[in-house]
Amino acid sequence: MSKYPEVIQFIQEAYGTKEFIPLHAPHFGGNEKKYLNDTIDTTFVSSVGAYVDRFEVMMAEISQARKAVALVNGTAGIQVALRLAGVKQGDEVLTQALTFVATANAIAYNGATPVFIDVDHDTMGLSPKAVEEFLEEFGELREDGCYNKSTGKKIAACVPMHTFGFPVHMDGLLAVCSKWRIPVVEDAAESLGSEYKGKPTGSLGKLGVFSFNGNKIVTCGGGGAIVTNDVKLGEKAKYLTTTAKIPHPYEYVHDELGYNFRMPNLNAALACAQLEQLRRFLDNKRSLAKEYASYFSSNGIKFRTETEDTKANYWLMCVELENKQERDLFLKMTNEAKVMTRPIWQLMFRLPMYQNCRKDSQQNALFLEERIVNIPSSVR
Ligand SMILES: *Cc1c(COP(=O)(O)O)cnc(C)c1O
């Protein structure tokens, strides 16, 4: 007898409904309407406004970074962060294949090529050991940085992604990247509120990027942020993402190819109202994670919990099933019962635009790809 009908019942009871249960719905319980109305009353709905400034102050504080820049979305943020880290046309960038497509796309937008390195089984994020093994075999230090001996290309950056809000083993990763002089740009899109050894994710590398898309822990409709402790880089990020305009009382002077990647004040208003509730969202999710953990431990299904020395934000919670067959059965039964569940992403090298990219053994990524399933995780 399958134990999945009982799992379905547990999730329905946890959410107090037999109707459709989404994977992750936004939760608006604070000043959202008030702040949105304010943008209309003041006419400041567009690319400048007090909420954009306030959002940047709040984000710097939350991520304990010296500078935060509001952006139109997270993908654009990773694109610009990589450019600021020094990534250029023809370079290579190390990242994980087990990620959302935006991570790899942001690398490709810079004319660079992703090189896919394996993840750790416990964090589901980029493995310091696998990065080290790759660099021991292919890395070569030259005056201006690290090169890939087999391709002759510069390895210009490394992008770990904190999968579902579970922090990557950052100490190990930062150590190996520093040894090989490779800047680290964190894809922290999913990990707002997560901590590694007491420090927020996003501000551990040279630059970090968050997303505020509709399905993330905090949403502003659509939006992103770059955070960094390097104030000069932060200022450069602001300048590049606001059309590279030189301040002038009335003339339009632009001295570099910039972008219009601004977050409108309308979205920033929503973001501010949501960020005010982040602490409550984190606590609420943590209590659901606890209920899931104790329930699943009683029926032998592996529920994923945070690793030692870290605090996950439990953005999307997940179970690890025994094999692909079990996974497929679980997906079918839960979705038929209107309990929304989704498999983890297909590995990036399966997608046509990345199928020729270099990769290592991908042992853990291949294992997780067949077994990890997200289960309903919304704030209740
Ligand atoms: C959501 C997400 C992004 C992109 O964020 P957008 O704001 O949707 O552009 C990037 N990377 C990962 C891993 C994500 O989950």
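Residues numbered from 1 in each chain as written. Predicted model: local features only at pLDDT ≥ 70, side-chain atom pairs only at ≥ 80, totals over all residues. Heavy atoms only, no water.

Quick look at the site of the ligand now. Neighbouring the ligand are 16 residues, the closest being Gly-74, Thr-75, Glu-190, Ser-211 and Lys-216. Note that an oxygen atom of the ligand is positioned 2.5 Å from one of the side-chain N or O atoms of Thr-75. Relative to its unbound accessible surface of 380 Å², the ligand loses 92% to contact with the protein. At the level of elements, α4 (74-85) and α5 (101-109) are the ones that each hand at least two residues to the shell around the ligand. Examining the composition of the shell around the ligand, we find that three residues originate from one element, α4, more than from any other. Taken together, the residues that form the shell around the ligand break down as five nonpolar, eight polar and three charged. (Near = heavy atom within 4 Å. Polar contact = N/O pair within 3.5 Å; in protein donor to acceptor, adjacent residues only side chain to side chain. Areas by Shrake-Rupley, 256 points an atom, 1.4 Å probe, with all protein chains shown as cover. Helix = DSSP H or I, 4+ residues; strand = E, 2+ residues; numbered from the N terminus. Nonpolar A, V, L, I, M, F, W, Y, C, P; charged D, E, K, R; others polar.)

With that settled, the discussion passes to the pairing of strand β3 (residues 113-117). Of all five residues in β3, four are buried, a share of seventy percent or more. With five bridges connecting them, strand β2 (residues 92-96) and β3 associate as parallel partners. Counted as the bridge partner of Glu-92 is Thr-113 from β3. Chirality of the crossover, the property in question, places the unit of β2, α5 and β3 among those that are right-handed. (Buried < 20%, exposed > 50% of the residue type's maximum accessible area, 1.4 Å probe, protein only. Pairing = 2+ DSSP bridges. Right-handed = clockwise from strand over helix to strand, strands pointing away.)

Right, let's talk about the sheet that holds strand β8 (residues 195-196) for a bit. With respect to topology, three strands assemble into an open sheet ordered β9-β8-β13, the strand pairing being antiparallel. For this open sheet the edge positions go to β9 (199-200) and β13 (310-311), each flanked by a neighbour on one side alone.

On to the pattern of salt bridges. Under the criterion given, the structure shown has 18 salt bridges. Arg-142 is the partner of Glu-140 in a salt bridge, and the nearest nitrogen-oxygen pair spans 3.0 Å. In this structure Glu-140 comes out as partly exposed when scored by relative accessible area, which is 30%. Here Arg-279 ties to Asp-283 by a salt bridge, and the two come within 3.3 Å at their closest N and O atoms. A residue pair is termed a helical-turn pair when its members lie 3 or 4 positions apart in one helix, as Arg-279 and Asp-283 do in helix α10 (residues 278-299) at four residues. Its relative accessible area of 51% is what places Arg-279 among the exposed residues. (Salt bridge = Lys/Arg side-chain N within 4 Å of Asp/Glu carboxyl O.)

Another aspect to go through is the UniProt feature "modified residue: N6-(pyridoxal phosphate)lysine" (unreviewed entry) in the protein chain. Here the UniProt feature "modified residue: N6-(pyridoxal phosphate)lysine" (unreviewed entry) sits at Lys-216. Following the sequence through the fold, Lys-216 ends up in the loop between β10 (207-211) and β11 (224-228). The class of Lys-216 is buried, set by a relative accessible area of 10%. The residues contacting Lys-216, other than those within four sequence positions of it, are His-24, Ala-189, Glu-190, Ser-211 and Trp-315. (UniProt positions renumbered as here; feature names shortened; annotations may be inferred. Contact = heavy atoms within 4.5 Å.)

Two elements in contact, helix α1 (residues 4-15) and helix α11 (residues 324-336), have axes whose closest approach is 10 Å; the angle formed by their N-to-C orientations is 50°. As the angle between them shows, α1 and α11 are arranged oblique. By crossing handedness, the relation of α1 to α11 is classed as right-handed. Each of Tyr-4, Pro-5, Val-7 and Ile-8 in α1 lies in contact with α11, whose residues at this interface are Glu-326, Leu-329, Phe-330, Met-333 and Thr-334. Residue composition of the contact of α1 with α11, grouped by class: seven nonpolar, one polar and one charged. (Axes fitted to C-alpha atoms, helices over the stretch in contact; angles between N-to-C directions. Parallel < 35°, antiparallel > 145°, perpendicular 65-115°, else oblique. Left-handed = near helix turned anticlockwise from the far one by under 90°.)

Mapped onto the fold, Asn-374 is located in strand β16 (residues 372-375). Since its relative accessible area comes to 3%, Asn-374 is described here as buried. Counting along the chain gives 32 residues from Asn-374 to Arg-342, while the straight-line C-alpha distance between them is 5.3 Å. Contacts of Asn-374, omitting those with residues within four sequence positions, involve Leu-23, Phe-164, Leu-316, Met-317, Cys-318, Met-340, Thr-341 and Arg-342. Of note is the side chain of Asn-374, whose polar atom sits 3.2 Å from the backbone oxygen of Met-317.

For any two helices packed against each other, the geometry comes down to the angle between their axes and how far apart the axes lie. At a minimum axis distance of 8 Å, the contact between helix α3 (residues 50-62) and helix α9 (residues 265-275) shows a crossing angle of 40°. Between α3 and α9, the angle is such that the two are oblique. Our pair here, α3 against α9, has a crossing hand that is left-handed. Residues Ala-50, Tyr-51, Val-52, Arg-54, Phe-55, Met-58, Met-59 and Ile-62 of α3 lie in contact with α9, whose contacting residues are Asn-265, Ala-268, Ala-269, Ala-271, Cys-272 and Leu-275. Among the residues forming the contact of α3 with α9, the class breakdown is twelve nonpolar, one polar and one charged.

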